[in-house]
Every structure is written in structure tokens, then in C-alpha cells.
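Chain residues, written in single-letter form:
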Amino acid sequence: MMDALPVELVSSIFHWVVHSTTPSSSPSPASLHRDAYKKALRLSHINQRLRDVAIGCPSLWTSVGITHDSHHQDSTTCLHRSKACPIDIHLDARRLPPQKVTTVAGDFAKHVERWFDAELNFEKTPADVTEDLVRLFDQAFATRPASALKSLQIVLPRSSGTSRVVSPPEAETLERLALKNLGLNWAKASFPSLKELRLTGINGPEAPSLHQFTVLLENAPNLETIELQDFTPLAVPDVETDAAPAVFNAISLPNLSRLTFNNACLSIVHLILSHVSAPNLDRLAVHANNAPLNLDWSVIRRDTLAEVKSFAWSSWAEPTDAHGLRIAAFYRAIVSCLVTVQEVWMNGAMAVRDILPAPPSATTEDAVLPRMTRLECNGLKGCELDLLVSLLSARACRGLPRMEQLSFSARDFSTTASVGQRAMEAVDDAMDSLKGMTGSLDVRDRQDGQGFRYTFLGWRDYRAHQSRGRQWEYEEEYEE
């Protein structure tokens, strides 16, 4: 029957078969590419006519995936049969012999102008091979325009001190850029269609200066996600003083909805929060441990944080020295702008009582985060037990009228028994006004694990689990 169909119709059917996936499945990128190749290969082995159709249809061979040495020949076949079509590349070199990595990468680099979605992982590549890769991609990006490129992810192993910088791809259609331990020549980087930017492990000469990062944001008005992890901008004396635009000349990113700073230097955080106008920002996550400079946080743009609904904060700094005090100042400044936040996650020893009304006179008007419905606090220390008492008291006197879920975990106490008693008293005092809230309280000793755990079921009743040494004795679960 298939032999009677026109070539164009057979090609369309083949294309659908090769690139379709099961709706209920969540395959990995590697398996997606391998499955597409296997489907195309099977179609080319039905009979001679259909083989000619399959081989003569370049779109069937555009998924190129390598995760093992034996896949190299398959990728060569795909690169040849796909002809001039844009190609999707998935290369995971962690299981490739070191001597093969450069060869495979070189084959791909010859087709940079056809890259559409490229995911290249060299995380476990030896240092000498990594340097060869840097030179290879630098030459490829500098000499060939990546006119079809939509998504690029490159992962290199952590640098041993050598700077790793390549020419930026000439890719006006690039929407997603994710780089780990690899920098670009940021002075030449421009991605006007960029929607997602993720930079990890980029520091010193591999990183952009504040001025270069500002220009990058100005030229990417469609950005939706920015994630900076272990990121420190390049310090350029005598240039940074006039690097960023004035507040009234803000960088407009109307589509920015997710912003994540994970151990990023606070100077880049300051730049973005004070100079970027992002009225639709919905999620903000900050892991703050790197605060080498005193910064003026009063210039944070309140309009950028005005619509944030989800806020995650993590810091192990103590507000007892200059470094901790700088982080504390940043924390207080940012919390004061989160007027619509609903879900809050706290992790670390940083004091979080600033987000709560002060009992016993707190009212709804006094609440710093009046719309908060969920609060999770983990990793807090003994001095923070007052947080729980304050929170319950504030909620009891209507300072947090919308609170629905509270989870509190503290495992660094040395006086577990008294801590548990105080926690129990706080719960009992607030019980009448906490109906409808759910959550948990987990308080344990740092050294032997002894402590108390409470799971609240609607806050009308709760079950308490008290430890005996390292063993827990659980009561029957109560449900109304």
C-alpha cells in the first residue's frame, strides 16, 4: 500500500513517525535523539523504494545524539543525510574516550551554521582536551554564522585556573543560552531574541563586566528567565563608575518572570534589581553568600518586585560581622518590596522575623507580607525559635490573615527539651485562631537527633512525635 503513495506523502508520513513522541512519556534529550535516529533507520530498511524515500528525506536525519563511543558512526550518518537542514545535537561526552571527544566535537563544529538546538556536555573531559575544545568552538563561532541556532547549552568541567573564553555565536534567533564554566567575548555578544539566560561557574576574565552585562540585557528585550549561579562579574576599574544606566533610564524587560541568584556576587544582583524594569516578575530566588562590597539597596526598583508571588531566600551568613550585615541589609531591603508575595521559602540562619508583625500589638495593617499564604523555614538555629512564637502570635492577632501553611524545621538546638516545650506552648496559645492552617514543626538536637516533630492537620488537632534517643515513636495519624 505504501508503495502506491506519492513520494511527498510518504515523506510527510515518515517525518511524523520519526519526530512524534508519546504524550505521556518524559524522555531524556539523549533518548529522544536516539529514538528518532532508530525510527529513521528502521524506515529505511523496509524495502528499496521506501529506503530511497527515507534516505532522500533530509528532515528524518536531523536528530543527532551521542552518549557512547558506538554512536559516532550514527552521528556521521545523520550529518551527511540531513544535508542542509537545521540539526538538533545532543552530545554527552562523559562516557566517550578522551581521544574521541575532540573528533566528535570537530565533526559537529563543521556544521555550526545548521545548529538549531545544541546541548553539549563535556563535564568530565580532561583539562588538555577541554582546552582543545575551547579553541575549536572559538574558531567555529568566529568563522561561521549560527543563523539557525535557537538553543545552546555548553557544559565544561570546572576550570583549574586557565581562562576559557570563546567568540560568541552570531545567532540572532538564539532564544536559550546556558553556559557552565565557559565565558564568551562579552564585548561582542548580542542576542536580540534571547528568552532564557543561565550562566554557571563564570568568574573573573570569563565573566562580563557590569557594563557588558548591562549592554547584554539592553539588547535582549524578550528575556523571560535569568539564572546566575556561582557568578562574579569582571571588575574593571575606571569603567564601572558609569557602566549602568540611571534609574530613570531603566532597562525594560517586560516578559521577565523568573529571576534566580544562586551564590552570585551581590554587585550583579544590585545591578539587575536597581536598573531593570520587570513589572511581570513572578518568582525570585536568592542564595546570598557573596557580599564583598557595601551597596546602596535603597535604589531597588519597587515596581520590579511589586508582583512577585514566590520568594525563596537562602543564606548561611550570620548578621554578626561586616559581611553578614551587608547581606542582612540586602535581605531587609528586598523583603520591604515584596508587597504581593504569597509563598516564601527560607533556608539558613539569617533572621527572618523582619517579615512578621511584632506581637502582641500587630494588626493586619502592620504585616510586612500581608498576602503571604505559605511559609517554609528550614535550617534555622536556636536563636530563631522566637520566629515561630512570633509567627503564631502574629497570626493569632490577625497580623497574617491569609496564612494557610507553615513548616518550620530547626535542627541545631542544644537544649531540645526546653525548645520543644516552648514550641508546644506557642502552638497551644495560638490554636483557636489557626484553624484551617496546615504544616509541620520539626525541632531536633544537633548532636543526637533527639527532639520533637509535630504535624498539624488543619491546626484543630495535631499529632506529636517525641524521640527516644535516635528512635522515633509515632502516634496514630489523626484526621477529621
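Residues numbered from 1 in each chain as written. Predicted model: local features only at pLDDT ≥ 70, side-chain atom pairs only at ≥ 80, totals over all residues. Heavy atoms only, no water.

Trainee: I'm lost on the overall build of the protein chain in this one. Help?
Mentor: Looking only at helices and strands, the protein chain features twelve helices and 21 strands. Sequence separation of at least 24 residues holds for 72% of the intrachain contacts in the protein chain that already meet a minimum separation of 6. Total accessible area computed for the protein chain in this model is approximately 22000 Å², and 49% of it derives from carbon and sulfur atoms. (Helix = DSSP H or I, 4+ residues; strand = E, 2+ residues; numbered from the N terminus. Contact = heavy atoms within 4.5 Å. Areas by Shrake-Rupley, 256 points an atom, 1.4 Å probe, with all protein chains shown as cover.)

Trainee: How should the packing of aromatic side chains be read in this particular structure?
Mentor: Given two aromatic rings, their pairing is described by the distance between the two centres and the angle made by the two planes. Inspection of the entire model under this criterion finds nine aromatic pairs. For the pair tryptophan 297 and phenylalanine 330, a centre-to-centre distance of 4.3 Å together with 35 degrees between the ring planes defines the contact as tilted. You can see tryptophan 297 sitting in the loop between strand 13 (283–287) and helix 9 (302–305) and its partner phenylalanine 330 sitting in helix 10 (residues 322–335), a full 33 residues away along the chain. Summarising the aromatic geometry, the rings of tryptophan 313 and tyrosine 331 are spaced 4.9 Å apart at their centres and angled 55 degrees between planes, so their arrangement reads as tilted. A residue pair is termed long-range when its members are at least 10 positions apart, and tryptophan 313 in strand 14 (residues 310–315) and tyrosine 331 in helix 10 qualify at 18 residues. Judged by relative accessible area, which is 1%, tyrosine 331 ranks as buried. For arginine 81, the ring lying beneath its charged end belongs to tryptophan 61, and the centroid distance is 4.6 Å. (Phe/Tyr/Trp six-rings, centres within 6.5 Å; stacked < 30°, edge-to-face > 60°. Buried < 20%, exposed > 50% of the residue type's maximum accessible area, 1.4 Å probe, protein only. Lys NZ or Arg CZ within 6 Å of the ring centre and 35° of its normal.)

Trainee: How should I be thinking about the nonpolar core in this particular structure?
Mentor: Nonpolar side chains in soluble globular proteins tend to end up buried together. Counting residues in hydrophobic clusters, the biggest one holds 110 residues, and the most contacted among them are Trp115, Phe122, Phe213, Leu228, Leu305, Phe311 and Phe330. Among residues more than four places away in sequence, those in contact with phenylalanine 213 are Leu197, Leu199, Pro208, Leu228, Phe231, Ile268, Leu271 and Ile272. (Core = buried A, V, L, I, M, F, W, Y, C linked by side-chain atoms within 4.5 Å.)

Trainee: It is not clear to me how the packing of helix 1 (residues 7–19) against helix 3 (residues 48–55) should be interpreted in this structure. Could you clarify?
Mentor: Orientation of helix 1 relative to helix 3, taken along the N-to-C sense of each, is 70 degrees, at an axis distance of 10 Å. On the basis of their axis angle, the class for helix 1 and helix 3 is roughly perpendicular. Residues Val7, Val10, Ser11 and Phe14 of helix 1 lie in contact with helix 3, whose contacting residues are Arg49, Leu50, Val53 and Ala54. (Axes fitted to C-alpha atoms, helices over the stretch in contact; angles between N-to-C directions. Parallel < 35°, antiparallel > 145°, perpendicular 65-115°, else oblique.)

Trainee: Could you clarify how one ought to interpret the packing of helix 7 (residues 210–218) against helix 8 (residues 266–275) in this entry?
Mentor: Each pair of packed helices can be described by the angle between their axes along with the distance between the axes. Interaxial distance between helix 7 and helix 8 falls to 11 Å at its minimum, and their mutual angle equals 40 degrees. The two elements helix 7 and helix 8 meet at a crossing, and its hand is right-handed. Touching Leu210, Phe213, Thr214 and Leu217 of helix 7 are Ser267, Ile268, Leu271 and Ile272, all from helix 8. (Left-handed = near helix turned anticlockwise from the far one by under 90°.)

Trainee: I tried to follow helix 3 on my own but got confused; where do I start?
Mentor: Within helix 3, burial applies to Leu50, Val53 and Ala54. Take helix 3 and look down its axis: the buried residues cluster within an arc of 95 degrees, on one side only. With a side-chain oxygen positioned 3.1 Å from the backbone nitrogen of arginine 49, the residue opening helix 3 is asparagine 47. (Arc of directions from axis to C-beta. Polar contact = N/O pair within 3.5 Å; in protein donor to acceptor, adjacent residues only side chain to side chain.)

Trainee: I keep staring at the pattern of salt bridges and nothing clicks. Help me out?
Mentor: By the definition in use, this model includes twelve salt bridges. Residue aspartate 132 is joined to arginine 135 by a salt bridge in which the shortest nitrogen-to-oxygen separation is 2.3 Å. With aspartate 132 and arginine 135 both in helix 6 (residues 127–143) and three residues apart, this pair spans about one turn of that helix. What makes arginine 135 exposed here is its relative accessible area of 51%. The partner of aspartate 282 in a salt bridge is arginine 283, with the nearest N and O atoms 4.0 Å apart. For arginine 283, a relative accessible area of 42% corresponds to the partly exposed category. Overlapping salt bridges, with partners in common, bring together Arg176, Glu196, Arg198 and Glu227 in one network. (Salt bridge = Lys/Arg side-chain N within 4 Å of Asp/Glu carboxyl O.)

Trainee: Where do I start with the pairing of strand 14 in this structure?
Mentor: Side-chain positions along a regular strand alternate between the two faces of the sheet. With five of its six residues buried, strand 14 lies for the most part within the structure. Bridge analysis of strand 13 against strand 14 gives five bridges, and the strand direction is parallel. The partner of valine 286 across the bridge, within strand 14, is tryptophan 313. (Pairing = 2+ DSSP bridges.)

Trainee: Help me understand helix 10, please; the structure alone is not making it clear to me.
Mentor: Turn by turn, an α-helix covers 3.6 residues, leaving residues three or four places apart pointing in a common direction. For helix 10, built from 14 residues, the straight-helix expectation of 20 Å at 1.5 Å per residue is met to within 8% by its first-to-last C-alpha distance of 20 Å. Residues Gly324, Arg326, Ile327, Ala328, Phe330, Tyr331, Ala333, Ile334 and Val335 constitute the buried set of helix 10. (Expected span 1.5 Å × (residues − 1).)

Trainee: Would you mind showing me how to read the confidence of the model for the protein chain here?
Mentor: Predicted coordinates in areas of low pLDDT are best not read in detail. Looking at the protein chain as a whole, its pLDDT mean stands at 78, while 70% of the residues score no less than 70. Every residue in residues 356–366 is under pLDDT 50, and counting partners more than four places away or in other chains gives 21 contacts. Note on residues 459–480: pLDDT is under 50 here. Beyond four places in sequence and across chains, it has 64 contacts. (pLDDT = per-residue confidence, 0-100.)

Trainee: What is the right way to read unusual backbone geometry from this model?
Mentor: Backbone phi values are negative for most residues with the exception of glycine, while trans is the configuration of most peptide bonds. The backbone phi angle of asparagine 181 is positive, close to 60 degrees, even though this residue is not glycine. Tracing the chain through its elements places asparagine 181 in the loop between strand 6 (176–180) and strand 7 (183–184). Non-glycine residue asparagine 263 carries a positive phi angle of around 60 degrees. On the secondary structure map, asparagine 263 appears in the loop between strand 11 (258–262) and helix 8. Its relative accessible area of 26% is what places asparagine 263 among the partly exposed residues.

Trainee: I'm lost on the pairing of strand 2 (residues 87–92) in this one. Help?
Mentor: Of all six residues in strand 2, five are buried; the element is thus mostly enclosed. Where strand 1 (residues 63–66) and strand 2 come together, four bridges link them in parallel fashion. Bridging from a neighbouring strand, serine 63 pairs with aspartate 88 of strand 2. Each parallel crossover has a hand, and for strand 1 linked through helix 4 (residues 72–81) to strand 2 it is right-handed. Summarising the sheet, strand 2 and strand 3 (residues 115–121) pair through six bridges and their orientation is parallel. The residue bridging leucine 91 from the neighbouring strand is leucine 120, located in strand 3. In this region the chain leaves strand 2, passes through helix 5 (residues 98–109) and returns to the parallel neighbour strand 3; the handedness of that crossover is right-handed. (Right-handed = clockwise from strand over helix to strand, strands pointing away.)

Trainee: Help me understand the side chain of histidine 71 in this model?
Mentor: You can see histidine 71 is positioned in the loop between strand 1 and helix 4. Residues within four places of histidine 71 in sequence aside, it is in contact with Arg34, Gly65 and Ile66.

Trainee: I'm lost on the environment of threonine 162 in this one. Help?
Mentor: Note on placement: threonine 162 falls in the loop between strand 4 (151–155) and strand 5 (165–166). A sequence separation of 44 residues divides threonine 162 from glutamate 206, and the C-alpha atoms of the two residues are 9.7 Å apart.

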